[in-house]
Amino acid sequence: MILRRLREPNRRPLACLLLATMLLAVSGANSAPPKVDPAVITKEITTQLASAEEAERKQALVAIQKMMEAEPARTVSQLRSYWMKPLLDARQFEDIIDLTTKGIFASAADAQSIEFLLASRIRAELSTGKSAQAMADAKSLYNVGTMAGMPATMLLVAECINTTHPDDASFVERFRAQQMAGAVFDGIIVVAQGYEGSTPTTRRAPLSATKGTDNGPPVLAAVKIETRAYDEAIAKLNAEDFQTLTAKGNLLLTADRIKEAKGVFDRAYGVVTEGYIATASESIARCIKAEDGAIGRANAWVISIRPKKDKPER
């Protein structure tokens, strides 16, 4: 669409600016690029992705790929807000796998972005029959995913388990039982989790739910992750500031190197500033969750550190 509009007199200036902006952003040209409202480019690419014409969708993908190289953080944000759904609708699954892989490394310090990108990649892998890779990514997602995102994460993990064990429902049943048993402690089931000043939503569990059960080893313990790409990225993160340590810890969790991640997040907790205490605390909880393959201890730890409300005076 961009190239086609170059030939349309009434659209020529906008199309030229769009194309020049994308190319200059990647080429690193010294001259200042034309000033174009980023919202215009976002809308243009969104329109192209939804086009029925394959050539226009390809042009949009080329633009996104170039933006991922030049402005990875912004591109991940645009994928989350605007572009992933039309990519999925257009069944651009291989492109999604490629973009999400690059995006994970570009946004390693943001667990929510990694969570979104992994979930999108898993859906693309399931749609293309890559069930083994989807299962490995599901384990990574379970490890690194946020506490608030666990309900959706567990459903997606269960879907992957069903896909890799289509003739044996016992695997997904055991996973479900492990999560349910782990969610109960002291008669309380945590059903939702919030941060940044909010508190977990809880409900009283029935007495029968508090009884201990033996559901065997965690289902995800047997899933192996190919870590080479993660290992290379992790090795490059050597600074000891909070953002770098958080990025390193997130990638370690994604690579299933949980013990190392715990050590890194402990160091991050030691240098955290006031505005990121909730993030640092959740990182510890995510390590506990990944270590157990169940959510119980992690939920209990989060509840144990939340501020206690003062009892009203009588």
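All of the points below concern the structure found in this document.

Definitions and limits used
- What you see as residue numbers is a count from 1 along each chain, following the sequence as written.
- Note on the predicted model: pLDDT of at least 70 is required for a residue's local features to be given, and 80 or more for side-chain atom pairs to be given and counted; whole-chain, interface and lining totals, by contrast, use all residues.
- Excluded from the side-chain calculation are hydrogens and water; included are all heavy atoms of the structure.
- Structural elements are reduced to axes, namely lines fitted to C-alpha atoms, with helices fitted over the stretch in contact, and the angle between N-to-C directions of any two is expressed from 0 to 180 degrees.
- Each helix corresponds to a stretch of at least 4 residues labelled H or I by DSSP, and each strand to a stretch of at least 2 residues labelled E; elements are numbered beginning at the N terminus.
- Put simply, angles under 35 degrees are roughly parallel, angles over 145 are roughly antiparallel, angles from 65 to 115 are roughly perpendicular, and the rest are oblique.
- Whether a crossing is left-handed or right-handed is set by the direction in which the near helix is turned from the far one by less than a right angle, anticlockwise for left-handed and clockwise for right-handed.
- Between two residues, a contact is recorded if the distance between any of their heavy atoms is within 4.5 Å.
- When residue character is reported, Ala, Val, Leu, Ile, Met, Phe, Trp, Tyr, Cys and Pro are called nonpolar, Asp, Glu, Lys and Arg charged, and the others, Gly included, polar.
- One speaks of a salt bridge when a side-chain nitrogen belonging to Lys or Arg is within 4 Å of a carboxyl oxygen belonging to Asp or Glu.
- Throughout this description, buried means an accessible area under 20% of the type-specific maximum (1.4 Å probe, protein chains only), exposed means over 50%, and partly exposed covers the range between.
- In this scheme, a helix's expected span is set at 1.5 Å multiplied by one less than its residue total.

## Notes on the packing of helix 12 (residues 242–254) against helix 13 (residues 258–271)
For the pair helix 12 and helix 13, interaxial distance at closest approach is 8 Å and the crossing angle is 160°. The angle between helix 12 and helix 13 falls in the class roughly antiparallel. By crossing handedness, the relation of helix 12 to helix 13 is classed as left-handed. Only I258, E260, A261, V264, F265, R267, A268 and V271 of helix 13 make contact with helix 12, whose side of the interface consists of F242, L245, T246, K248, G249, N250, L252 and L253. Among the residues making up the contact of helix 12 with helix 13, the classes are represented as 10 nonpolar, 3 polar and 3 charged.

## Topic: the pattern of salt bridges
Tallied over the full model, the rule gives 16 salt bridges. When the shortest N-O distance is used, the salt bridge between R121 and E125 registers 3.8 Å. Remark: E125 and R121 occur in helix 7 (residues 111–127); sequence separation between them is 4 residues, near one turn of the helix. Judged by relative accessible area, which is 2%, E125 ranks as buried. As a salt-bridge pair, E173 and R176 come within 3.3 Å of each other at their nearest N and O atoms. One end of the pair, E173, and the other, R176, are both in helix 10 (residues 170–182), 3 residues apart, so they sit about a helical turn from each other. Three or more residues joined by partner-sharing salt bridges are found here, namely R121, E125 and D137.

## Regarding helix 9 (residues 150–164)
The terminal C-alpha atoms of helix 9, which comprises 15 residues, lie 21 Å apart, in line with the 21 Å expected from a rise of 1.5 Å per residue. Those residues of helix 9 that fall on the buried side of the exposure criterion are M150, T153, M154, L156, V157, A158, C160 and I161.

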